[in-house]
Amino acid sequence: MAEPTTFKNIRAPFRFRIEPRLSEPPAWYPALISFGAIIVALILGGILISFAGGDPFRSYQHIAKASFGDIGVLSDTIVKATPIILAALACSVAFRMKLWNIGAEGQFIMGAFGASAIVLAPVLPAETSRWIFIPVMMVAGMTAGAVWGFIPGFLKAKFNVNEIISTLMLNYVAVAWVNFWIFGVWTEGGFQMTPKFPDGAWLPRLLDYAKAFPIFRGLTTHLGLVIGIVAAIILWFIIFRSRWGYEIRLIGDNPNAARYAGINITRNTIWVMMLSGALAGLGGMSEVAGVVHRLQTAPVAAGYGFTGIIVAWLAKLNPLAIIFVSILFGALILAGREIQPSGVPKMIQGIILVCLIASDFLLRYRIILERVEE
Amino acid sequence: MTSHIPSTPSLSSKAPLVVEMRGIVKRFPGVLANDHVDFELLHGEIHGLLGENGAGKSTLMNVLAGLYRQEAGTIFVKGVPKVFSSPRDAIKSGIGMVHQHFMLVPSQTVTENILLGLDDPRLIMRLSDYDAKIAKLGERFGLKVDPRAKIWQLSVGEQQRVEILKMLYRGVDVLIMDEPTAVLAPREIEGLFETLRAMIAQGKSVIFISHKLQEVSAIADRVSVLRRGVATASGVPSKGVSRQELARLMVGRDVIFALDKKPSQPKDIVLEVAGIHAESDKGLPALRGISLNVRAGEIVGVAGVAGNGQSELSQVISGMRQCTQGQVLLNGDKISNRNTLFGIQHGMAYVPEDRTHVGSAPNLSVTDNVIMKNFRKPPISKNGLLDMKAATKLANELKLAYDIIVPSVSTPVRLLSGGNLQRVILARETSGLPAFMVAVQPTRGLDVGAIEGVHRLLLAQREAGAAVLLVSEELEELLSLCDRVYVIYEGKIMGEVMTGGEEPDEGAALSLSKGLVDTIGQMMTGTPLDQIQKEGVTAHG
Amino acid sequence: MDYTIILQAGIASGTVLLFATIGELFAERSGVMNLGVEGMMLIGAMSAFSTTIATGNPWLGVLVAMFFAGLISQIHAFIVITLQADQVVSGLSLTFLGAGISLVLGEGLSKAGTVSLLPNFSIPLLAQIPILGKIFFTNQSILVYVGYLLVPLSWYYINRTRPGLHLRAVGEYPSAADALGINVFRMRYFYVFVGGMLAGLAGATISLAVSPGWFSELTTGGQGWIAIGLVIFAQWDPIRAAIGAYAFGALRRLILDIQGPLVLFGFANPFYYNPYFGFFLQMLPYLFTVVVLVIGSREAMRKRIGAPAALGNPYVRGERGK
């Protein structure tokens, strides 16, 4: 905005003026702004909670205690955060190229399906050792997710089909697909779930080592966390230290410049969507092999894909920051389950995102307070 | 250093004062665009507002037209102080502006564009009624245009007529024209001048903003000059001041037109363009059989009015656009209709006309931008991994060598000024010692210092033996830099002229080889060279 | 299977999509993309239902729904128009917000009993037309008839009135509109509000006419997203939007009803005998949307026309040189 807008504050002799920043704000500024945005969001959320009849202070206190209060709940928080990490990584890589992958949810589900198929089809016999089961399931999950990402990627690359809607539609298709297999093919005794996975198909958890380390007793944190962290580090390297990452960043910032530099946008669209889908699929595999241990719709289609969008945005698409922000959101989801009314966590997520986006404004413009001379 | 010529009182006593601007101050972040500027417009005059790019003339007039609000100062219309909070207010007071970049909705018709923003018709539109009204208005002022045509179907000159009609329809008395000749060929410029004179005859007054000295001298009754936000001359009768004087007022020092250019010694053909046909974005033919060549060690120019295919030509050559027929050869290798990478690897450099939307990645750092062409090879990358240390080192070296003013090479380039951004792009393109370079409007929007820098760089490439193709709308630039100039018109080459070997002398660059300028001017409006030569219309001075 | 009954219900169901699509169409024509349609619809459905329960007056419910959804949409408007943030992310967050708020405020609603609905009626003469009369004019909710009127009115407004001209200019080339004194920002705020209102109306149509009740997020079932896809298919024209919306409505009804009968087209109905095949039917609307998108996108590519030129870009007045 070259023309400063003026809001005349009639009562006080002050005036706000907004002008674009000419230089980069200090490095800590974005973090401060994001932090401030969250605080504002919590306040707004609190207002809405009390409007709906709840007690905001109690609610927030409850969240804090229920997620970080002791090592048991901390472990539960991490368990909840693990699928978010992978979903957020999936979103972040796509968003970097300005590919709005809203289908992380569906890719996550298909990843869970792919991994489960190895167990339930069965592709590997039940007695297989976990050293074989787990890697195969990981590959299957990533492949299924990648396929689910390939479809909208291809449609966008070839026909310029809006990826927001195509990925979103595929979310619903994925749910229906998985439901079919759960209800119609792999069902356990007519219930809405498949049989439990054999031991070899479980991701190792901390409590498996409780005999050697008594402190691990009852802790369900599983290998998925390690998978997520390793994936984040690898993704960081890809984005910032590899040729491919440079291409992705360039395409995302200016496709014309990328075309001039000889970068193939069509090919990258497809590859990045596949990578994104693979990461989300890995998340689905991790959830199904680490937490649920069977294929079941509700825990798998739990909105991790959507939370991943918010987390990715909040973390400014930085893979390492995603780890920490995911833990924050894991806390919210975990504790939020017991809060009345039940829509609160989702609403708070929405408010946080809104405040975040609004706060971005402060990174590009300065607000100047000046006296009004009459 | 600066001279200030006060306004002559004699004229003002005869004609009434239509517009007066007193003490106008306008600030933008980091820049004082108008520094207590006074301006007066007399009834029935054409008043020229001179100044180089960035001097503040458009800003001043945008304030008058109601687009910007000044920080300080007053505007008087016919003696009454006015406050404009929007262009609508200004139009109501009788002041309208025809912008340099037309504000027309391409997909709508002439009539719809003219009616835009008006309170009449109240609700339902019966366009046919208004079509007739507008056609009649056009006839009255000699501005012929089909009211039912869609804007994207019209030529640039016709679009300008629509813009003028838009203002006349609203009954403005004062018409501000912002760089109106930038998009017109010499013949069309004459037509515009006639239109302006017709308007004066009908009782209107005109303000003519331009950075082109000779045009302002030719058309204006009085002249005001702005330099870096300050008025260095106010309302001087144009007959009473020399061009050198005006130039000095514009720039603050003697304008040096002479460039240190050694005679050209072109070697082999580096770039060969053979029979290129290509379409524009709208699917219409933009290039209809272009052939040209550039040799090593020379600068070849492409002259022409904007919109005649230059953009498409440079895009085909650089590989950003497909051609439907013909080919482009770089040192014998075909580079047309191939991934741009091939051209880059064979020594092609491209300085696009759109710095921000094509030439750079605004949110990425200077470092990221300079490695755009060589990020695939060592030392910048090895085995698919980037070596950021090497990249930063390269960026810092280029920053020094090309005088890029920036706090650090990790600054995002969107924060850079136009001149600095162009230096970044040039650093990237020329540091690789290209065999061939195509530069499109490289000095557009730059201040004089930056322009000189770009010119020096282009000549340096020429010295180093590169083949340079310079596409520009500034005839003076082409004449001073190029050894040869092709002229493009409606997608065809009208002819080629030699320009090397003529040394311009100070102050007279504009009357330089008038015969050459006339010839090029005629080609720019559609007369092929052989026809000109046949008619023997090579003027003598 | 009585096809006329299916189509009749399909028109009703399609009306929901129609409102949402035309609402978004208006917003996008002014240059602002609002991906939060799903969230606005949920807010509309919830507030229509709860207001009607509380006051017993469904008309009030409709009004509240429209107003509330429009109000929430202004958050998105503020963020993308004044703060010039990215329209995609803001729209998405609006979806979360709308869904979340409607869940929180609609807690416990679904347990409420029957509620007075909006009147259904037939139009006397027109209902007698063979086949078409039964489908379009017999025993439809009043909102359906509102929908019929909305289509030509929208078309006429956009293409033949002065404010419509301004709307088109703001979406195609806002600088031109701005230079002539049209307040681009105000217009965009207004049309985003219109879009929000119509999305709220769509939600109210669900909870008070088509599928009465409040079923949390399942109430809308993704129709908000389908509406956004339909806008592209409609090439931003209200008449095409209507065709798409009603076609989809019919499809959704068909999917529901096709599982019922024993015999389908003379063959044993596979959906009856293996109910799990129903899941594939559930996929159909969403797959169809993708197909429709492909068609619409290819057409846009071919004709070199398409979205309003300024769609998705915040309007910045007077950029200071390049």
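These lines cover the structure that appears in this document, whether it is placed above or below. As the structure is a computational prediction, the values presented were derived from the model and not from experiment.

The rules behind these values
- Residues numbered from 1 in each chain as written.
- Chains lettered and ligands numbered in written order.
- Predicted model: local features only at pLDDT ≥ 70, side-chain atom pairs only at ≥ 80, totals over all residues.
- Helix = DSSP H or I, 4+ residues; strand = E, 2+ residues; numbered from the N terminus.
- Rg over C-alpha atoms; globule rule 2.2 N^0.38 Å.
- Buried ≥ 20, exposed ≤ 12 C-beta atoms within 10 Å, placed from the backbone.
- Contact = placed C-beta atoms within 7 Å.
- Nonpolar A, V, L, I, M, F, W, Y, C, P; charged D, E, K, R; others polar.
- Axes fitted to C-alpha atoms, helices over the stretch in contact; angles between N-to-C directions.
- Parallel < 35°, antiparallel > 145°, perpendicular 65-115°, else oblique.
- Left-handed = near helix turned anticlockwise from the far one by under 90°.
- Pairing = 2+ DSSP bridges.
- Expected span 1.5 Å × (residues − 1).
- Arc of directions from axis to C-beta.
- Core = buried A, V, L, I, M, F, W, Y, C linked by C-beta atoms within 7 Å.

## A closer look at the overall build of chain C
Part 1: Counting its secondary structure elements, chain C contains 13 helices and four strands.
Part 2: Whereas a compact globule of 322 residues would reach a radius of gyration of roughly 20 Å, chain C reaches 20 Å, a difference of no more than 12%.
Part 3: Along the first, second and third principal axes, the C-alpha atoms of chain C reach 70 × 50 × 45 Å.
Part 4: In chain C, buried positions account for 54% of the 322 residues.
Part 5: Taking the contacts inside chain C whose residues are at least 6 apart along the sequence as the reference set, 78% of them involve residues at least 24 apart.

## Some thoughts on the overall build of chain A
Part 1: For chain A, the helix and strand inventory stands at 14 helices and three strands.
Part 2: For chain A, with 374 residues in total, the buried portion stands at 51%.
Part 3: Once local pairs closer than 6 in sequence are excluded, the contacts in chain A between residues at least 24 apart make up 76%.

## Here we look at the interface of chain A and chain B
Part 1: With 22 residues of chain A at the contact, the number on the chain B side is 29 residues.
Part 2: Of all the elements in the fold, those that place two or more residues in the side of chain A that touches chain B are strand S2 (14-20), helix H8 (243-253) and helix H9 (255-260) of chain A.
Part 3: In terms of residues, the side of chain A that touches chain B owes the most to one element, H8(A), which gives six residues.
Part 4: Taken together, the residues of the side of chain A that touches chain B sort by class into nine nonpolar, five polar and eight charged.

## Some points on the packing of helix H7 (residues 224-241) of chain A against helix H10 (residues 265-292) of chain A
Residues and elements named next belong to chain A.
Part 1: Running from N to C, H7 and H10 cross one another at 165°; their axes reach a closest spacing of 10 Å. Classified by the angle between their axes, H7 and H10 sit roughly antiparallel to one another. Classified by chirality, the crossing of H10 by H7 is left-handed. Note on element contacts: H10 touches H7 through Leu279, Leu282, Ser286 and Gly290, opposite Gly224, Ile227 and Ala231.
Part 2: Residues of the contact of H7 with H10, tallied by class, amount to four nonpolar, three polar and no charged.

## Description of the sheet that holds strand S1 (residues 17-28) of chain B
Residues and elements named next belong to chain B.
Part 1: Strand order in the open sheet formed by four strands is S2-S1-S4-S5, and the pairing between neighbours is antiparallel. Each edge of the open sheet is held by one strand with a lone partner, namely strand S2 (31-42) and strand S5 (80-82). Each strand axis lies, on average, 25° off the axis of its neighbour in the sheet, ignoring direction.
Part 2: Relative to S5, strand S4 (residues 72-77) runs antiparallel, the two sharing three bridges. Each bridged residue has a counterpart across the sheet, and for Val77 the counterpart in S5 is Val80.
Part 3: Against the sheet, helix H2 (residues 57-64) contacts S1, S2 and S4, and its axis sits at roughly 115° relative to S1.

## Some points on the sheet that holds strand S16 (residues 348-351) of chain B
All names here are of chain B.
Part 1: Pairing within the open sheet is mixed, and its six strands lie in the order S16-S19-S20-S13-S21-S22. Whereas interior strands pair on both sides, the edge strands pair on one side only; in this sheet they are S16 and strand S22 (492-498). Along the sheet, successive strands turn relative to each other by an average axial angle of 15°, direction set aside.
Part 2: As defined by bridge partners, strand S13 (residues 299-303) adjoins strand S21 (residues 484-489) across four bridges and the pair is classed as parallel. Along S21, the bridge assignment pairs Val300 with Arg484.
Part 3: Taken strand by strand, helix H15 (residues 418-430) contacts S16 and strand S19 (436-440), and its axis lies near 170° from that of S16.
Part 4: This element, helix H16 (residues 448-463), spans S13, S19 and strand S20 (467-471) of the sheet and lies at about 150° to S20.

## Regarding the interface of chain C and chain A
Part 1: Contact residues are listed per partner, giving 43 residues for chain C and 42 residues for chain A.
Part 2: At the level of elements, helix H3 (58-82), helix H4 (87-105), helix H10 (223-233) and helix H13 (278-303) of chain C are the ones that each hand at least two residues to the side of chain C that touches chain A.
Part 3: Its residues assigned to classes, the side of chain C that touches chain A shows 29 nonpolar, nine polar and five charged.

## Concerning helix H5 (residues 127-141) of chain B
Residue and element names in this part refer to chain B.
Part 1: In this model H5 runs 21 Å from its N-terminal to its C-terminal C-alpha over 15 residues, within 8% of the 21 Å that 1.5 Å per residue would give.
Part 2: For H5, the full list of buried residues reads Tyr130, Ile134 and Gly138. The arc that holds the buried residues of H5, viewed along the axis, is 80°, so those residues lie on one side. Turned more than 90 degrees from where H5 packs its buried face, Ser128, Asp129, Ala132, Lys136, Glu139 and Arg140 sit exposed.
Part 3: Trailing H5 by a residue or two, Gly142 shows a phi angle of about 70°, which is positive.

## Quick notes on the nonpolar core
Part 1: Counting 379 residues, the largest nonpolar core has A:Leu89, A:Ile322, B:Leu64, B:Ile176 and B:Val487 as the members making the most contacts within it.
Part 2: The element best represented in this core is helix H9 (residues 184-210) of chain C, accounting for 16 residues.
Part 3: Residues within four places of B:Leu64 in sequence aside, it is in contact with B:Val19, B:Met21, B:Ile75, B:Ala90, B:Ile95 and B:Ile176.

## Digging into the packing of helix H6 (residues 163-185) of chain A against H10(C)
The description of two helices packed together rests on the angle between their axes and the distance between the axes.
Part 1: The N-to-C vectors of H6(A) and H10(C) enclose an angle of 145°; their axes lie 10 Å apart at closest approach. Viewed along their axes, H6(A) and H10(C) form a crossing whose handedness is left-handed. Facing H6(A), whose interface residues are A:Ile165, A:Leu168 and A:Met169, H10(C) presents C:Trp225, C:Ile228 and C:Gly229.
Part 2: The residue inventory of the contact of H6(A) with H10(C), partitioned by class, reads five nonpolar, one polar and no charged.

## Some thoughts on the pairing of S22(B)
Residue and element names in this part refer to chain B.
Part 1: Where S21 lies against S22, six bridges are found, and the strand directions are antiparallel. In the sheet register, Arg484 faces S22, and the bridge partner there is Met498.
Part 2: In sequence, S21 turns back onto S22 through a hairpin of two residues, with Glu490 there showing a positive phi of about 50°.

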